[in-house]
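Chain by chain, the residues run as shown.
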Amino acid sequence: MKRIFLVVIIISMSFTSFYCKKLSLQDIGGTVWVNKRIIQDNRMGTEEIRLTLTFKYDRSFSLERSERWIIKKTKLNLDPPKDVVLSGVYDVADDKVKLMWSDKSITEFTYKDNTLISPDQTRIFEKTGERVQMKY
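Residues numbered from 1 in each chain as written. Predicted model: local features only at pLDDT ≥ 70, side-chain atom pairs only at ≥ 80, totals over all residues. Heavy atoms only, no water.

Draft legend 1. Spotlight on the overall build of the protein chain. Across its full length, the protein chain carries 2 helices and 8 strands. In the protein chain, the succession of helices and strands from N to C terminus is α-α-β-β-β-β-β-β-β-β. Residues classed as buried in the protein chain amount to 29% of the 136 residues present. In the protein chain, the proportion of contacts linking residues at least 24 apart, taken out of those at least 6 apart, comes to 45%. Counting every atom, the protein chain has about 10,200 Å² of accessible surface; 56% of that belongs to carbon and sulfur. (Helix = DSSP H or I, 4+ residues; strand = E, 2+ residues; numbered from the N terminus. Buried < 20%, exposed > 50% of the residue type's maximum accessible area, 1.4 Å probe, protein only. Contact = heavy atoms within 4.5 Å. Areas by Shrake-Rupley, 256 points an atom, 1.4 Å probe, with all protein chains shown as cover.)

Listed below in C-alpha cells is the structure:
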C-alpha cells in the first residue's frame, strides 16, 4: 500500500512539473513580441500602429512604437509620428514579466497561452519567430 501511494505521488509530481512549467528568464531572453492594431477612419484612411517588445539576453528590453499609413484618403500632409524607442530592464517571476523602465516606473505583464497581456488587458503581445542575436 505504501509503495502504491509513493508511486502515485511521484507520478503526480512529475506530471505537475512537466505540464505546469513556470515562465523563466530563458523563455523570454532573446525573443521579440508584437502588438499590432489597425485604425480605420472613413475620411482619413487606414493606419497601422505597431508595438515591438524586444527582450535581450542581458535582461534589458526595448519597446519600439511605429505608425504607418496603409491607405491614406486625404490630400492633407499628415505624416505619422516618428518611431519611438523606450528601454529598461526586465525580470521574470512565475507567470509575470516585470518591466522596469528607465524613468523608474514598473509595468507587469501576465504570460498566458504564449502571449503577454498588459495589466489593463488592452495590449496583447504575441511572440514572433524572430530571435535577438546574442552578443559575446
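Draft legend 2. Layout of the sheet that holds strand β3 (residues 60-72). Taking strand neighbours around the barrel as the criterion, the 8 strands line up as β1-β2-β3-β4-β5-β6-β7-β8 in a closed arrangement whose pairing is antiparallel. Mean inter-strand twist for the sheet, computed between neighbouring axes without regard to direction, equals 35 degrees. (Pairing = 2+ DSSP bridges. Axes fitted to C-alpha atoms, helices over the stretch in contact; angles between N-to-C directions.)

Draft legend 3. Focus on the side chain of N35. Topologically, N35 is positioned in strand β1 (residues 31-41). Looking at N35, the relative accessible area reads 8%, which means it is buried. A distance of 3.0 Å separates the side chain of N35 from the backbone oxygen of I124, its partner in a polar contact. With residues up to four places along the chain from it excluded, the contact list for N35 reads I49, R50, L51, R123, I124 and F125. (Polar contact = N/O pair within 3.5 Å; in protein donor to acceptor, adjacent residues only side chain to side chain.)

Draft legend 4. Region of interest: the packing of aromatic side chains. This model, assessed by the stated rule, comprises 4 aromatic pairs. Between the aromatic rings of F55 and Y90, the centroid separation amounts to 4.9 Å while the plane-to-plane angle is 75 degrees, which identifies the pairing as edge-to-face. Linking F55 in strand β2 (residues 45-55) with Y90 in strand β4 (residues 84-93), this pair joins segments that are 35 residues apart in sequence. Judged by its relative accessible area of 0%, F55 falls in the buried class. Each ring, one from F109 and one from F125, has its centre 5.6 Å from the other, and the planes form 80 degrees; the classification is edge-to-face. You can see F109 sitting in strand β6 (residues 106-112) and its partner F125 sitting in strand β8 (residues 124-131), a full 16 residues away along the chain. (Phe/Tyr/Trp six-rings, centres within 6.5 Å; stacked < 30°, edge-to-face > 60°.)

Draft legend 5. Representation of the nonpolar core. The biggest cluster of nonpolar side chains holds 16 residues, and the ones touching the most others in it are I28, L53, F55, V97, L99, L116 and F125. Secondary structure elements with two or more residues in this core: β2, β3, β4 and β5 (96-101). (Core = buried A, V, L, I, M, F, W, Y, C linked by side-chain atoms within 4.5 Å.)

Draft legend 6. The side chain of T74, seen in detail. Secondary-structure assignment places T74 in the loop between β3 and β4. Taking the relative accessible area as the measure of exposure, T74 reaches 19% and is therefore buried. Excluding residues that lie within four positions of it along the chain, T74 makes contacts with R43 and M44.

Draft legend 7. Quick peek at the pairing of β6. Relative to β6, β5 is paired through 5 bridges, and the arrangement is antiparallel. Across the sheet, V97 pairs through a bridge with F109, a residue of β6. Here β5 hands over to β6 after 4 residues, with K104 in that stretch at a positive phi of 80 degrees. Direction of pairing for β6 relative to strand β7 (residues 115-117): antiparallel, over a ladder of 3 bridges. Its bridge partner being in β7, T110 is matched across the sheet by I117.

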